[in-house]
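Chain by chain, the residues run as shown.
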Amino acid sequence: MNRWTLFALRVGVALVLLTAWHLLTAVPVGGKKLLDPFFFSTPIDVLARVWKDFYTGTIWRHLGITLLETVLAFVTGAVGGIVFGFVFARSAIVAAVFDPYIKAANALPRVVLAPIFMLWFGLGIWSKVALGFTLVFFIVFFNVYQGVREVSPTILANARMLGMNERQLLRHVYWPAALTWMFSSLHTSVGFALVGAVVGEYMGSSAGLGYKIHEAESVFDVTGVFAGMVVLAGFVIIIDMFVTAVENRLLVWRPGAQSTTAQG
Amino acid sequence: MGDNTSTPAAVALRAVSISFRLTDGGTYDAVAPTDLVVAPGEFVAIVGPTGCGKSTLLNVAAGLVLPSTGRTEVFGKPLAGLNGDSGYLFQQDALMPWKTAIDNVAVALEPKGVPRPAALERARAWLDRVGLRVFAERYPHMLSGGQKKRVALAQILIRDPTILLMDEPFGPLDAQTRQIMGNLLLDLWAQDRKAVLFVTHDLEEAIALADRVVVMSAGPAARIVGDYPVALERPRDIAEIRTEPRFHEIHKAIWAKLRGEVQKAYAQGEGRSA
């Protein structure tokens, strides 16, 4: 499909949805609006609120804090996941001993941890970073573990026959293989870092997008809630575009990877 | 043959046997005690039916597999660990997919402590020699099967090993590419004769390339059942040599032996799968 056709269709979907929303909430049918704007707001109000948030500049501080939490959660979670993934994949004993604990810890719903983290790390950014960390860590951990374990035996044997020592194998074989798997989960793990940050803010904080939404909810300001969600959605799309750019740059060797960049 | 007492053999397998432990607790004797000697500069091909353990024997020479009994000697010294004097060309893709062709070749010099700029320069020269100069910056998935084999060949030869171990290296390639690769291999080999141990199931390829063809029996407990010198002149052209009468005589003699083993292996395979 042509790029512009695709773009037009995408915009079309948004216009249809917004128009339907507008008709249902703002245009009276037989003297009565089908959906009560108090509960559903209207698209124009929401967009006006988003505009106001950016125009007055109040949103920037919250965006900045959520971004900082997301980045910190992602970086710490990824580093932890890579280190532990490597250790577990290279040591069968460690992997066997800790296997049930890892599985149990991963199965735990993270929301129940949020209050504990607030007690431990306070209401500032660190309790949100900790929540995001627990989400990102396991995704990266499992992927790196898998990646290191499933290095092609032929590539490994060949590298050994070329005379590589353990350190060189790590650098030229294990590390790139693990990175591939990590990047294949990059979209998921960055998304979860953001989820951790926003959920943490929502449950108790004084700044951030999650806080903004929670604040609006507590005074039945539906327009404010929707405005927060719109900003959040835009934020996610921008982060995702950034991740895609990084991915295309780092995984240029992968079959099919450059077909997406070659078009652009 | 080739076992001169004055110069030690490049590779010598002495009474090497290989058994595998099966999951049900029994053992499978893949290769019965076998002696095989490759002299320095000699090109030896091993042919045998599928699954006879010829690749396993090659892996013993490489140090990738430990023999159950017997020992391996490399230039008269017992082999411990991997065979550092050898370069191993695998049947499957063994290039690092995350490195470009030139990086794959250059990285082979890192264990030798060659600084990267010098390694890159030498890698470029080697890519030139295997005819891939313009493909230096390509990743393996952007290369054809034959081109990947050329990179793999450069990756091994840049380390200047004294022994080449090759495990059906041209097996996955089409017939024409195999001939081209065979001629390239002979050209490169002629420049500084390394000892070569070349495993293949293609008898014609074996005769066209080698100084000596060794025939292995069908497994289990495979052993060497024939050892034939190939007295054909060098330099050879893989495609043309097949039309020579002398080639046909040698082929006939070896095939008489090999055929029985192939049929045996085939019958076993049928019996096993039934």
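Nothing here was measured: the structure is a model prediction, and the numbers come from that model.

Reading the values: rules and limits
Residues numbered from 1 in each chain as written. Chains lettered and ligands numbered in written order. Predicted model: local features only at pLDDT ≥ 70, side-chain atom pairs only at ≥ 80, totals over all residues. Heavy atoms only, no water. Helix = DSSP H or I, 4+ residues; strand = E, 2+ residues; numbered from the N terminus. Rg over C-alpha atoms; globule rule 2.2 N^0.38 Å. Pairing = 2+ DSSP bridges. Contact = heavy atoms within 4.5 Å. Axes fitted to C-alpha atoms, helices over the stretch in contact; angles between N-to-C directions. Buried < 20%, exposed > 50% of the residue type's maximum accessible area, 1.4 Å probe, protein only. Polar contact = N/O pair within 3.5 Å; in protein donor to acceptor, adjacent residues only side chain to side chain. Expected span 1.5 Å × (residues − 1). Bend = angle between axes of the 7 residues up to and from the residue. Buried area = accessible area lost by both parts, 1.4 Å probe. Salt bridge = Lys/Arg side-chain N within 4 Å of Asp/Glu carboxyl O. Domains from an automatic or database assignment. Nonpolar A, V, L, I, M, F, W, Y, C, P; charged D, E, K, R; others polar.

Trainee: I'd love a proper account of the overall build of chain A, names of residues and values included.
Mentor: Within chain A, the secondary structure is distributed over 13 helices and zero strands. For chain A, the N- to C-terminal ordering of α and β elements is α-α-α-α-α-α-α-α-α-α-α-α-α. Against the 2.2 N^0.38 benchmark of 18 Å for 264 residues, chain A shows a C-alpha radius of gyration of 23 Å, more extended than a compact globule. For chain A, the spread of C-alpha atoms along the principal axes amounts to about 80 × 55 × 30 Å.

Trainee: Let's hear about the sheet that holds strand β2 (residues 27–38) of chain B: which residues, and what values?
Mentor: Residues and elements named next belong to chain B. Ordered in space as β2-β1-β4-β5, the four strands form an open sheet in which the pairing is antiparallel. At either end of the open sheet lies a strand with only one pairing partner, and these are β2 and β5 (77–78). Note that strand β1 (residues 11–21) and β2 share eight bridges and pair antiparallel. Looking at the pairing, Phe20 lines up with Tyr28 of β2. Its contacts with the sheet place helix α1 (residues 54–62) against β1, β2 and β4 (69–74), and it is angled at close to 120° to β1.

Trainee: Talk me through the side chain of Arg212(B); I want residue IDs and the actual numbers.
Mentor: Residue and element names in this part refer to chain B. Within the secondary structure, Arg212 is located in strand β9 (residues 212–216). Judged by its relative accessible area of 2%, Arg212 is buried. A distance of 3.0 Å separates polar atoms of two side chains, one belonging to Arg212 and the other to Asp227.

Trainee: Which residues make up helix α9 (residues 166–184) of chain A, and what values do they have?
Mentor: All names here are of chain A. Taking 1.5 Å as the rise per residue, α9 with 19 residues should run 27 Å; its terminal C-alpha atoms sit 25 Å apart, in good agreement. Considering bend angle alone, the principal kink of α9 is centred on Tyr174 and spans about 35°; proline Pro176 follows within four residues of it. Listed in full, the buried residues belonging to α9 are Gln168, Leu169, His172, Val173, Tyr174, Pro176, Ala177, Ala178, Thr180, Met182 and Phe183. Capping of α9 at its N-terminal end is provided by Asn165; its side-chain oxygen lies 3.2 Å from the backbone amide nitrogen of Arg167.

Trainee: So what's going on with the interface of chain A and chain B? Which residues, and what values?
Mentor: With 21 residues of chain A in contact, the opposing surface of chain B contributes 23 residues. Roughly 2,100 Å² of surface becomes buried between chain A and chain B when both sides are summed, with 68% attributable to carbon and sulfur atoms. Sorting the residues of chain A by area buried against chain B places Met161(A), Leu162(A) and Trp253(A) first, and these three jointly supply 36% of that buried surface. Our count for the chain A to chain B interface comes out at one salt bridge.

Trainee: Now, about the sheet that holds strand β7 (residues 163–167) of chain B: what can you tell me, with residues and values included?
Mentor: Residues and elements named next belong to chain B. Read across the sheet, six strands follow the order β6-β7-β8-β3-β9-β10 without closing on themselves; strand pairing throughout is mixed. Two strands in the sheet have a free side with no partner beyond their single neighbour: β6 (86–89) and β10 (224–229). Between one strand axis and the next, the sheet turns by 15° as a mean value, whatever way the strands run. Examined bridge by bridge, strand β3 (residues 43–47) and β9 share four bridges and lie parallel to one another. By the bridge assignment for β9, Ile46 is matched with Val214. On top of the sheet, helix α4 (residues 145–157) reaches β6 and β7; it is set at about 170° to β6, its chief contact.

Trainee: Requested: an account of the domain arrangement of chain A, with residues and values cited.
Mentor: Note: interface size is frequently given as the accessible area lost on complex formation between the parts. Residue and element names in this part refer to chain A. Per the domain assignment, the segments making up chain A are domain 1 (1–40) and domain 2 (41–263). Each of domain 1 and domain 2 has a C-alpha centre, and the two are 32 Å apart. Contact residues are listed per partner, giving 11 residues for domain 1 and nine residues for domain 2. In this assembly, domain 1 packs against domain 2 so that about 730 Å² is buried in total across both faces, 70% of it on carbon and sulfur atoms. Here domain 1 and domain 2 share zero salt bridges between them. Here domain 1 and domain 2 share one residue pair in polar contact (both at pLDDT 80 or more) between them. Of all elements in the fold, only α1 (3–26) and α2 (37–40) reach the threshold of two or more residues within the side of domain 1 that touches domain 2. If one sorts the elements of the side of domain 1 that touches domain 2 by residue count, α1 sits on top with six residues. In terms of residue class, the side of domain 1 that touches domain 2 is made up of seven nonpolar, two polar and two charged.

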